[in-house]
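One letter stands for each residue in the lines below.
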Amino acid sequence: AQEMGLTIDQIMPGMKLNGVVRNVVPYGAFVDVGLGHDGLMHSSKFPAEFRGKGGGAGRTLQVNDRLEVWVESATKQPTTDEKGGGRWKEKWKLALSGTPMAPAPQP
């Protein structure tokens, strides 16, 4: 996303980004999309080629895999920085999908 000149506050649902898998856990994978905040891709949202036959996360998806992801949501969540004397800092929650999202219906 940084190579496209985007910042975290410009991320919108439906955007396609390139990411790198940073961690695989039983419920999904954390993906670095180049914005300083990793996004979570739930195992049910993995691209078809990475879904295990038993539906479990990480059967074939591995750390450092590169893949295209789509933003499902980007939510700013205020939190305190305990090491910084309790000052407020920005924390973002990014929900990602490994499959294209259907376009929103037009009003």
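Each value, and the rule that gives it
- Residues numbered from 1 in each chain as written.
- Predicted model: local features only at pLDDT ≥ 70, side-chain atom pairs only at ≥ 80, totals over all residues.
- Heavy atoms only, no water.
- Helix = DSSP H or I, 4+ residues; strand = E, 2+ residues; numbered from the N terminus.
- Contact = heavy atoms within 4.5 Å.
- Core = buried A, V, L, I, M, F, W, Y, C linked by side-chain atoms within 4.5 Å.
- Buried < 20%, exposed > 50% of the residue type's maximum accessible area, 1.4 Å probe, protein only.
- Lys, Arg positive; Asp, Glu negative; His and termini not counted.
- Salt bridge = Lys/Arg side-chain N within 4 Å of Asp/Glu carboxyl O.
- Polar contact = N/O pair within 3.5 Å; in protein donor to acceptor, adjacent residues only side chain to side chain.
- Phe/Tyr/Trp six-rings, centres within 6.5 Å; stacked < 30°, edge-to-face > 60°.

**Regarding the overall build of the protein**
Summing up its helical and strand segments, the protein has zero helices and five strands in all. Along its sequence from the N terminus, the protein presents helices and strands in the succession β-β-β-β-β. For the protein, restricting intrachain contacts to residue pairs at least 6 apart in sequence, the fraction spanning at least 24 positions comes to 55%.

**Quick look at the nonpolar core**
Core analysis: the biggest nonpolar cluster contains 19 residues, and Val33 and Val69 have the highest contact counts within it. Secondary-structure elements contributing two or more residues to this core are β1 (16-25), β2 (28-32), β4 (66-81) and β5 (87-97).

**Describing the side chain of Asp65**
Structurally, Asp65 is set in the loop between β3 (38-42) and β4. No salt bridge is formed by the buried Asp65. Its closest oppositely charged neighbour is Arg66, at 8.7 Å. A polar atom in the side chain of Asp65 sits 2.7 Å from the backbone nitrogen of Gln62. Setting aside residues up to four positions removed in sequence, Asp65 forms contacts with Gly19, Val20, Val21, Phe50 and Thr60.

**A short note on unusual backbone geometry**
Even without a glycine there, the phi angle at Asn64 is positive, about 80 degrees. Take Asn64: it is sitting in the loop between β3 and β4.

**Overview of the packing of aromatic side chains**
This structure, assessed with the given rule, holds one aromatic pair. Judged by centre distance (6.4 Å) and plane angle (85 degrees), the ring pair of Tyr27 and Phe30 falls under edge-to-face. Judged by relative accessible area, Tyr27 falls into the partly exposed class, the value being 42%.

**With respect to the side chain of Ser97**
Along the chain, the position of Ser97 falls in strand β5. Judged by its relative accessible area of 2%, Ser97 is buried. Among the polar contacts listed, one links the side chain of Ser97 to the backbone oxygen of Thr99, at a separation of 3.1 Å. Among residues more than four places away in sequence, those in contact with Ser97 are Met41, Lys45, Glu68, Val69, Trp70 and Glu72.

**Notes on the environment of Gly19**
Here Gly19 shows up in strand β1. Overall, Gly19 belongs to the buried group, its relative accessible area being 5%. Taking C-alpha positions, Gly19 is 9.6 Å from Phe30, a pair spaced eleven residues apart along the chain. Apart from the residues within four sequence positions on either side, Gly19 is in contact with Val31, Asp32, Val33, Asp65, Arg66 and Leu67.

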